[in-house]
Structures are given as structure tokens and as C-alpha cells.
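In case you want the letters, here they are:
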Amino acid sequence: MSSLGPDTTAAAGPPSVPPAAAQVRVTRARRSTLAAAAAVVLIVAVLAYLPYLVYSGTTNLLVNFFTLLIMASMWNLLAGYAGLVSVGQQAFVGLGAYGVLLLASHGTSPFLAIPVATAACAVLGLPVWWLVSRLRSGYFAITMWVIASVCELIISQIPSFGGGTGTGLPGLPGNPTLLTADTYWATLACAVLALGVVYLLLRSRIGLVLTAVRDDETGARSVGVRVASTQRLVFLVAAAGCGVAGALYIVSQQFVEPTAAFSVLWSAKMIFITVIGGIGTIEGPIIGTIIYFVLQQTLAQYGTWYFIALGLVAMAIAIWARRGIWGLIADRFGIRLFGVGYWLSPAGPPDRDRGSR
Amino acid sequence: MDRQEAQSRMRLDQPFSRRTLLRGTGAGALALGAGGVLAACGSGLKGSGPSGSTGTITIGFITPLTGSLAGFASGDKFVLSQIRQSPVYKNGIKIGGKTYKIAINVQDSQSDPTRAGQVAQQLILNDKVDLILTTSAPETTNPVAVACEKFGTPCVSTVVPWESWYGGLGGNPVKPTTKFEYCTTFFFGLEQFLGTFEPMWNRIHTNKVVACMYPNDPDGNAFRFGFEPLIKGSGYTVVDGGAYQDGTTDYTSMIADFKSHHCEVYSNAPLPPDFNTFWKQASQQGFKPKIATVAKVLLFPSDTVALGPLVVNIATDSWWGPYMPNHSSLTGQSAAELATAYQQKTGNQWVQSLGSSYSLFEVAKEALAAVSDPHDKKEVASALQTVNYTGMCGPLNFAAGPAPGVAIMAPVGVQWKKGTGKYPFEMKVVDNSLNKKVPIEAPLEPTNA
């Protein structure tokens with residue numbers, strides 16, 4: 001059996017190869033995938049060097065961009081792959097933020113507190129999963145929201161966290177230039193790591209299971225796929241991912257109050273971005289975050305009209321492009337940037353065929 | 001075959017092979033290492049870059065144009081049009097022999113603290129503003145002030161009790177000794193609330209038991225920890241309804257508590273929709289205090305729509321209105337003229353925030369006129385700390401407030417009365433204990449006789 005490494009181009013198909021194997025080539029990567037891999041490395045390198053190239057206004061904007069990207073990718077993993085539609089992921093955003101606050105108020109550097117708070121969110125995800133694992137669809141979504149509200153209520157009763165008033169984050173560097181650069185690098189690293197985890201997860205055997213669950217949960221279950229344990233893993237990854245986004249949020253805002261940290265607006269943004277970008281693809285949330293940001297930067301000054309525009313975009317996508325902008329692009333040009341699916345093509349020249357997943 | 005089967009089963013059970021895990025760990029370590037190297041050579045960082053055009057002063061203005069606090073900002077567009085027509089803002093300001101043009105960059109906080117903090121950072125880092133003005137509730141002003149203090153940009157706030165603002169920045173309002181280098185505010189505080197409300201309570205014959213409805217949020221906590229001791233100090237008994245959560249929809253137990261203690265005075269600091277719910281339920285369940293003095297709600301005519309006739313004779317504080325004997329320091333226009341101009345231009349009833357938003361720009365002008373270089377943020381910030389002038393909100397002295405950088409306004413007590421003209425309800429001055437220059441317009445009447 002071949003390994004599942006990122007550069008495998010030869011057959012790494014499902015264990016039971018269909019009888020037609022002789023006539024069909026199964027590949028994971030194509031030219032577009034390989035080109036994308038090279039581009040990703042280049043883009044990350046440029047982004048990492050950015051604080052030396054551009055002023056902190058730009059990197060400051062990118063911090064917000066990457067934070068949203070992490071959240072949207074996690075929501076996409078949950079809803080688009082594991083079939084878990086949550087409107088309570090802000091529970092982990094808030095817990096991540098307050099985790100950093102707790103550690104920082106005891107003298108830890110806020111930047112070192114980010115990974116610890118992230119891990120804590122994954123651990124807290126376990127009891128939450130135990131509570132919600134048997135619920136489906138609407139019940140799951142609303143219970144998650146309730147859990148987020150419970151977390152908010154508990155946090156706002158703790159005076160050392162500033163109660164409902166909120167409090168500033170201690171221990172940040174005093175030099176604004178260094179602070180914005182450090183925040184930017186921390187956010188970039190976390191975003192790359194988060195997307196990397198999603199990518200590796202979907203490339204691994206878990207990804208195959210998730211793709212099966214995404215396409216038909218009952219069908220997957222009936223052929224012996226371990227749906228429950230896979231969903232648990234994804235839930236914990238998403239808890240950690242939203243936790244890290246919350247941790248980055250408090251570091252970039254330097255201030256936190258429970259109503260803002262546990263705001264359901266976070267879930268609304270995650271859903272909006274994922275839906276307009278394209279649910280059930282890694283590329284979707286990236287495209288969605290770009291669209292959301294462009295809309296925000298250009299239209300936010302128009303007040304109410306901005307929200308009307310957001311609503312119209314969401315409605316248009318929901319009616320005419322149910323697989324989002326990336327769905328349109330991928331269908332039109334047959335490209336895929338992250339090689340997590342399988343391409344089936346007749347033996348012979350592999351390229352320019354529409355693949356099936 | 002057996003071995004192969006065992007292997008493939010193992011692979012089915014294990015989500016990741018050991019090799020994948022090692023590879024992932026390696027990549028992670030590499031990324032962290034690269035980050036460390038980058039962080040080490042911090043000297044080449046670009047920073048926020050040079051400030052904008054030297055001949056123009058840029059003022060950022062952050063206000064909740066949309067969202068739950070939009071009522072506070074309903075007059076801000078009109079105020080901006082007035083400010084832009086005033087001589088200083090139209091023709092520029094002369095500083096040290098050079099005339100600077102003034103540009104105003106308006107940003108919507110969307111009533112979201114997260115967004116407020118983000119637009120403040122963008123104004124500072126991207127738009128290179130020289131000064132930030134912000135208004136309307138701690139949800140807007142506090143994240144903005146925190147960003148200004150962190151990134152070293154002068155900031156003036158208003159329409160936030162100074163204790164909520166001071167506490168949000170990390171100060172202790174009980175011992176206000178901390179001086180914030182870049183942030184200042186003008187409004188009033190709990191002492192002025194008591195100075196406005198207590199004379200009204202005293203004029204109505206009650207059993208001196210006060211029902212207190214304070215939520216667990218910045219304003220509610222400021223009232224709980226700051227206002228309740230003041231109430232007790234003036235000979236009244238406090239019945240605290242508990243630190244409820246914003247957005248609560250059932251107040252039955254709180255109302256029962258107030259009824260069982262026979263509260264005849266009512267005080268609050270809630271979000272406007274929560275008060276509407278509470279007041280309707282109180283009316284249905286028979287809690288009818290003789291005098292209700294509300295804070296943070298029923299400040300604007302739009303708030304009266306939801307309750308209709310139930311608002312009549314509810315008392316609140318007013319920091320500005322056409323009855324104020326004040327004049328603009330920019331144009332000489334009087335408070336009454338500003339209110340009339342607003343009503344004529346928009347067709348809407350005047351709002352108190354017209355005056356406070358207007359004065360933000362007066363304060364900015366006062367500070368800018370006192371410096372030698374308007375782009376020197378430290379100089380502008382220290383000039384703000386000593387601004388002392390009289391304008392649309394009356395006399396404001398930032399050097400003589402209860403805390404450093406805090407100027408105090410003199411509010412009056414008002415009651416909502418049935419309108420006599422075009423508008424269904426009107427705010428009428430019923431008590432001028434703190435500001436004797438304001439004429440009394442109507443008699444104080446019990447909220448529930």
C-alpha cells in the first residue's frame with residue numbers, strides 16, 4: 001500500500017478497488033493542485049515577510065482577515081463535512097479569549113497563552129460533545145447556541161474577568177509597531193496551521209469518512225463507517241480552531257467583554273462566509289472571507305445599505321449558486337487547489353477531465 | 001495476506017499514520033522556528049508609516065450609525081453637516097502661522113464593540129488620523145479608547161458615564177488617580193445622576209424605598225457599585241433586583257420582589273428594549289412606582305414609540321436640549337436654533353445627542369488651537385487634558401473633573417409629557433437643581449398617582 005503523503009500521485013484509492021480499475025486512473029493531484037501547492041508556499045513566505053514591506057495598517061487588517069478565515073474554515077469542517085450545523089461556535093471563541101485573559105492576568109505572555117488556551121478549548125470540547133453528540137440538525141444547532149449563552153453567563157459572573165463590564169488584556173508589548181507585527185505573525189502562523197490541519201485531516205482516511213458522511217450520512221453508516229467517532233474528532237478540532245480564533249481576537253483587540261466575545265454574530269459571520277464561498281470545500285471559506293472583506297471595506301461606510309447588500313448577496317448565492325462562488329469556479333474550470341479528493345479518469349492522458357469525488 | 005489484512009485494519013482504525021504525524025510535527029516546528037527568526041529581527045519593521053498629508057488634520061469620528069444603539073447616533077449626520085459648514089472646519093484652522101485644512105473620517109461602529117475596536121485601529125494605522133472622537137455608550141467608546149491609548153492617538157469620548165469609561169480603560173473610579181495619556185471624556189457621572197434624580201424623589205411623597213434594576217453590563221455594574229451607595233447615603237433604602245442578563249424577557253420574579261418590598265421609587269440603567277419589556281410587564285403585574293427615574297433609556301423620542309402612553313411622566317436626565325442656554329463656540333448658534341434646524345431639515349423631533357456630538361468637534365478645535373504642531377499626538381493629547389471652554393454643552397473644564405481628563409456637564413431632570421404640537425410626546429424640564437440657568441417648563445408629576 002502506498003503512503004498518504006501529500007505528493008502521492010499514483011493510485012491510493014479506497015481499499016476495495018472497483019473491478020473497472022484497469023480502465024480507470026485514480027489520482028489525487030493534478031497540475032492545478034501542484035501549482036497551487038507551490039503558490040501556497042510562496043504566498044505564505046511573502047505574507048510572513050509582509051511586516052517588513054507594508055505599513056502596519058495593512059497587517060492589522062490581515063489579522064482580522066485571518067481570524068475570520070480560521071473561524072469559517074472550522075465551521076466549514078463541521079457543517080460542510082461532518083454534517084454538524086452549529087450556531088454556537090462562539091462558545092469556543094469566547095472561551096479561547098478568556099483563556100488567554102486568565103493566563104495573561106497570572107503573568108504569562110499573551111502570545112504564549114494562545115496555544116495553551118487553544119488546547120484548553122479542545123479539552124472543554126469533550127464534555128460539550130458528550131452533551132450534544134446525540135442531537136441532530138436543528139436540535140444540535142440550538143443546543144450549541146444555548147451552551148454558548150451558558151458560557152457567557154458564567155464568565156460574566158466572574159469579577160476577576162471584569163464581569164459584564166469587560167476588561168483590558170495585560171502583558172502586551174508597549175511598542176505599537178512590535179505589537180502589530182507580533183500579532184500579525186501569531187495570526188498568520190495560526191491560520192496556516194489551522195488550514196494545514198484541515199487539509200491533512202481531509203487527506204487522511206478521516207477525510208474519506210467525512211466525504212462519505214457529507215454526501216450521505218445514513219449511507220456511510222450502513223457500510224460500516226464510524227460516523228460518531230469521526231464527528232467527535234472534527235468537533236474537537238473545530239473547538240480548538242474557534243478557540244485559537246478567540247485567543248487571537250483578544251490579543252488584537254486588547255480588550256474583551258462577554259457580550260462581544262460570545263456574540264452570535266461570530267456564528268453569523270462564519271455561516272455567511274462559508275455559504276457564499278462554497279460549503280464543503282477547503283477553498284470555499286478562503287474565497288468567502290475575501291468576498292466578505294471586500295464588501296466590508298468598500299460598503300461598511302454606507303451604514304444600513306451595507307447590511308442590505310450583505311443580505312442580497314447571501315440570498316443570491318443561496319438561490320442561484322448553492323455551492324457558493326467556489327462551486328461555480330470549480331465546475332466551470334474543473335480545478336481544485338487542495339488535493340483532498342480523488343480524480344477518476346480513463347487510463348491515458350489524465351488532465352482536463354471532470355473529476356468525481 | 002494475514003499481515004496485509006492486519007495492516008489495512010490498523011490503518012482503518014488509526015486516523016493518522018505515525019509518519020504523517022511526524023511529518024506534521026516537523027512542519028509545525030519549522031514554521032515556529034521561522035516565526036522566531038522573523039520576530040528576532042524586529043528592527044526592520046515598517047511600523048505604521050509616516051503620518052498623512054501634512055497640510056491636513058484628519059479627525060476620525062466613530063459612532064453607532066446602525067444596530068441597537070443607532071438611536072443615539074440618529075442626529076450625527078445632521079451634526080456633521082453643520083460642523084462642516086462652520087468657519088473653522090470649512091476654511092481650516094490656523095496653527096503657528098500655517099493654515100491646516102480639517103478632514104473628518106466617519107466610521108460606523110455597528111453597535112458592536114468588536115467592530116468599534118477594529119475601525120479605531122484602522123483609523124489610527126491606515127488612515128493616520130490625528131485625533132479620534134467617539135460617542136454613545138461604553139459599547140462604542142471603551143474599545144475605541146483602549147485602542148487609542150495602546151496606539152498613542154488622542155481621543156475624546158462622550159455620552160458614557162465617566163465611571164463606565166474610566167473603569168473600561170482599567171482605572172478605578174472609586175480612587176480615580178490614574179491619568180490616561182491619550183484619552184479624555186466629557187459627560188457626567190453617578191453623582192450628577194443622583195443630583196438630578198434625588199431632588200425629584202424628594203418632591204414626591206414616598207416611603208423612600210428604591211427599586212433598582214441594574215443589568216450585568218458596563219453601565220449596570222457602574223450603577224450597582226457606584227450609585228447604590230449614593231442612594232443609601234441620602235437616606236433611601238435600596239432593593240436590588242439582581243444582576244440580570246441583557247436581553248432577559250421575563251421580569252416576573254424581579255417585579256414580585258419590588259412589590260413585596262413596597263418600592264415606591266424606581267431607578268434603572270438597562271438597554272432600551274429590556275426596559276420596554278420590563279415596563280409593560282410591571283404595568284400588567286401591578287408594580288406602579290410613584291416616581292420612576294430612568295437612565296440610559298427614554299433619552300430619545302424614538303424610544304417612546306414602543307411604550308406609547310406608558311411613558312408619560314417617566315423622568316430621566318437631559319444633558320442637552322433646546323432649553324439649554326448654550327451657544328456654539330464655532331458659530332454662535334444657540335441650542336434652540338440647532339434643535340429647530342434639525343427638525344426643519346430632517347422632519348424628526350430633536351435628540352439630546354445633537355448637543356454632545358456637536359461639542360466633540362468644539363473640544364477638538366479647542367485642543368488643536370492650543371498646540372504648535374497638530375500632528376504631534378503627544379502635544380494634542382496633553383492639550384486635550386486642559387481644554388476649558390464654553391460651547392454647545394455649556395462650560396466644560398477637562399482639568400477640573402472628578403478624574404484626570406474628565407469634564408462634567410450639568411444635566412437637568414426632565415419628564416415625558418403628552419405633546420402639544422406635531423410630536424406625540426415631548427421632554428419637559430421639571431427640575432433644574434444642578435443647572436439653575438435652565439428654566440422649568442412643566443410641573444413634576446408622579447409617574448403613577
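Predicted model only: the values in this text are computed from it and were never measured.

A. Summary view of the overall build of chain A. Across its full length, chain A holds 14 helices and four strands. Buried positions account for 52% of the 357 residues belonging to chain A. Relative to all contacts within chain A whose residues are 6 or more apart in sequence, the contacts with residues 24 or more apart total 76%. As displayed, chain A has an accessible area near 15200 Å², and 71% of this comes from carbon and sulfur atoms.

B. Broad picture of the overall build of chain B. Scanning chain B from terminus to terminus reveals 14 helices and 16 strands. Taken across its 449 residues, chain B has 57% of its residues classed as buried. The long-range fraction of contacts in chain B, counting pairs at least 24 apart against all pairs at least 6 apart in sequence, stands at 70%. By element, 54% of the accessible surface of chain B is carried by carbon and sulfur atoms, the whole surface being about 17200 Å².

C. Structural view of helix 12 (residues 335-346) of chain B. Residues and elements named next belong to chain B. End to end, helix 12 covers 17 Å across twelve residues, agreeing with the expected 16 Å (1.5 Å per residue, within 8%). The complete set of buried residues in helix 12 reads Ala-335, Leu-338, Ala-339 and Tyr-342. Around the axis of helix 12, the buried residues are gathered within 95° of arc, so they sit on the same side. Lining the buried residues of helix 12 we find helix 3 (76-85) and helix 13 (353-369).

D. Quick look at the packing of helix 2 (residues 56-81) of chain A against helix 12 (residues 283-299) of chain A. Residues and elements named next belong to chain A. Relative orientation of the contacting elements helix 2 and helix 12 amounts to 140°, with a least axis distance of 9 Å. Judged on the interaxial angle alone, helix 12 and helix 2 are oblique. The hand of the helix 2/helix 12 crossing is right-handed. Counting all contacts with helix 2, which are made through Leu-61, Asn-64, Phe-65, Leu-68, Leu-69, Ala-72, Ser-73 and Asn-76, the residues of helix 12 involved are Pro-285, Ile-286, Thr-289, Ile-290, Tyr-292, Phe-293 and Gln-297. For the contact of helix 2 with helix 12, a count of residues per class yields ten nonpolar, five polar and no charged.

E. The arrangement of the packing of aromatic side chains in detail. Residues and elements named next belong to chain B. Applying the stated criterion across every chain, the model contains 44 aromatic pairs over all chains. Where Phe-278 meets Phe-287, the ring centres are 6.5 Å apart and the plane angle is 75°; that geometry is what we call edge-to-face. The two residues Phe-278 and Phe-287 agree in class, both being buried.

F. Examining the sheet that holds strand 4 (residues 131-135) of chain B more closely. Residues and elements named next belong to chain B. The strand order across the open sheet built from seven strands is 2-3-1-4-5-6-14, with neighbouring strands paired in mixed fashion. In this open sheet, the two edge strands, each paired with only one partner strand, are strand 2 (93-95) and strand 14 (406-408). Ignoring strand direction, the axes of neighbouring strands in this sheet form an average angle of 25°. Contacts from helix 3 reach strand 1 (56-63), strand 3 (98-108) and strand 4, with the element oriented near 170° to strand 3. In the packing of helix 5 (residues 113-125) onto the sheet, contacts are made with strand 1, strand 3 and strand 4, and the angle to strand 1 comes to roughly 175°.

G. Examining the nonpolar core more closely. In this structure, Phe66(A), Val100(A), Ile114(A), Tyr184(A), Phe235(A) and Trp165(B) are the most contacted members of the largest nonpolar core, which totals 120 residues. Top contributing element to this core by residue count: helix 2 of chain A, with 16 residues. Aside from chain neighbours lying at most four places away, what touches Trp165(B) is Asn142(B), Ala145(B), Ser157(B), Val160(B), Phe180(B), Cys183(B), Thr184(B), Thr185(B) and Val406(B).

H. Just the interface of chain A and chain B, in detail. Taken together, the contact pairs 58 residues of chain A with 44 residues of chain B. On the chain A side of the contact with chain B, Tyr52(A), Tyr55(A) and Arg205(A) bury the most area, a combined 14% of that side's loss. Connecting chain A to chain B are zero salt bridges. One can count six residue pairs in polar contact (both at pLDDT 80 or more) joining chain A with chain B. Sort the elements by how many residues they give to the side of chain A that touches chain B and helix 6 (residues 176-203) of chain A lands first, with ten residues. In the side of chain A that touches chain B, the residues fall into 29 nonpolar, 23 polar and six charged.

I. Region of the structure containing the state of the cysteines. All names here are of chain A. Inspection of every chain in the model, using the stated rule, returns zero disulfides over all chains. Counting only cysteine sulfurs, Cys-121 is the nearest neighbor of Cys-190, a cysteine outside any disulfide, at a range of 12 Å. Judged by relative accessible area, which is 15%, Cys-190 ranks as buried. Lacking any disulfide linkage, Cys-242 is separated from the closest cysteine sulfur, that of Cys-121, by 8.7 Å.

J. Local environment of the environment of Thr153(B). Structurally, Thr153(B) is set in the loop between helix 6 (138-151) and strand 5 (155-158). Spatially, the C-alpha atom of Thr153(B) lies 9.8 Å from that of Ala120(B), the residues being 33 residues apart in sequence.

K. Examining unusual backbone geometry more closely. Unlike most non-glycine residues, Gln254(A) shows phi in positive territory, near 60°. Tracing the sequence through the fold places Gln254(A) in the loop between helix 9 (227-253) and strand 3 (255-256). According to the relative accessible area criterion, Gln254(A) is buried, its value standing at 4%. One non-glycine residue with positive phi stands out, namely Ser111(B), at about 60°. Tracing the backbone through its elements, the reader meets Ser111(B) in the loop between strand 3 and helix 5.

L. Here's a closer look at a nonpolar patch on the surface. A cluster of nonpolar side chains, contributed by Tyr302(A), Trp305(A), Ile308(A), Leu312(A), Met315(A), Ile319(A) and Trp320(A), occupies part of the molecular surface with about 890 Å² of accessible area. Mapped onto the fold, Ile319(A) is located in helix 13 (residues 304-320).

M. Spatial organisation of the pattern of salt bridges. Throughout the structure, instances matching the rule amount to twelve salt bridges over all chains. Arg323(A) is paired through a salt bridge with Asp331(A); the nearest N and O atoms lie 2.9 Å apart. A relative accessible area of 40% means that Arg323(A) is categorised as partly exposed. We classify Asp331(A) as partly exposed; its relative accessible area is 34%. Note that Glu445(B) is salt-bridged to Lys417(B), the shortest N-O span being 2.7 Å. Here the residue Glu445(B) occupies a position in the segment after strand 16 (425-431), and Lys417(B) occupies one in strand 15 (residues 412-418), the gap between them amounting to 28 residues.

N. Local environment of the domain arrangement of chain B. Residue and element names in this part refer to chain B. Under the domain assignment, chain B is made up of domain 1 (21-188 + 323-408) and domain 2 (191-318 + 411-431). Using only C-alpha atoms to locate each centre, domain 1 and domain 2 end up separated by 30 Å. In terms of surface lost to domain 2, no three residues of domain 1 exceed Phe-188, Gln-349 and Gln-352, which account for 36% of the buried area on that side. Across the domain 1-domain 2 interface, the total number found is zero salt bridges. When contributions to the side of domain 1 that touches domain 2 are tallied by element, the ones reaching two or more residues are helix 6 and helix 7 (162-168). Taken together, the residues of the side of domain 1 that touches domain 2 break down into nine nonpolar, eight polar and two charged.

Cut-offs used in this document
Residues numbered from 1 in each chain as written. Chains lettered and ligands numbered in written order. Predicted model: local features only at pLDDT ≥ 70, side-chain atom pairs only at ≥ 80, totals over all residues. Heavy atoms only, no water. Helix = DSSP H or I, 4+ residues; strand = E, 2+ residues; numbered from the N terminus. Buried < 20%, exposed > 50% of the residue type's maximum accessible area, 1.4 Å probe, protein only. Contact = heavy atoms within 4.5 Å. Areas by Shrake-Rupley, 256 points an atom, 1.4 Å probe, with all protein chains shown as cover. Expected span 1.5 Å × (residues − 1). Arc of directions from axis to C-beta. Axes fitted to C-alpha atoms, helices over the stretch in contact; angles between N-to-C directions. Parallel < 35°, antiparallel > 145°, perpendicular 65-115°, else oblique. Left-handed = near helix turned anticlockwise from the far one by under 90°. Nonpolar A, V, L, I, M, F, W, Y, C, P; charged D, E, K, R; others polar. Phe/Tyr/Trp six-rings, centres within 6.5 Å; stacked < 30°, edge-to-face > 60°. Pairing = 2+ DSSP bridges. Core = buried A, V, L, I, M, F, W, Y, C linked by side-chain atoms within 4.5 Å. Buried area = accessible area lost by both parts, 1.4 Å probe. Salt bridge = Lys/Arg side-chain N within 4 Å of Asp/Glu carboxyl O. Polar contact = N/O pair within 3.5 Å; in protein donor to acceptor, adjacent residues only side chain to side chain. Disulfide = S-S within 2.5 Å. Patch = residues over 30% accessible without salt bridge, like charges linked within 9 Å, V, L, I, M, F, W, Y side chains within 5 Å. Domains from an automatic or database assignment.

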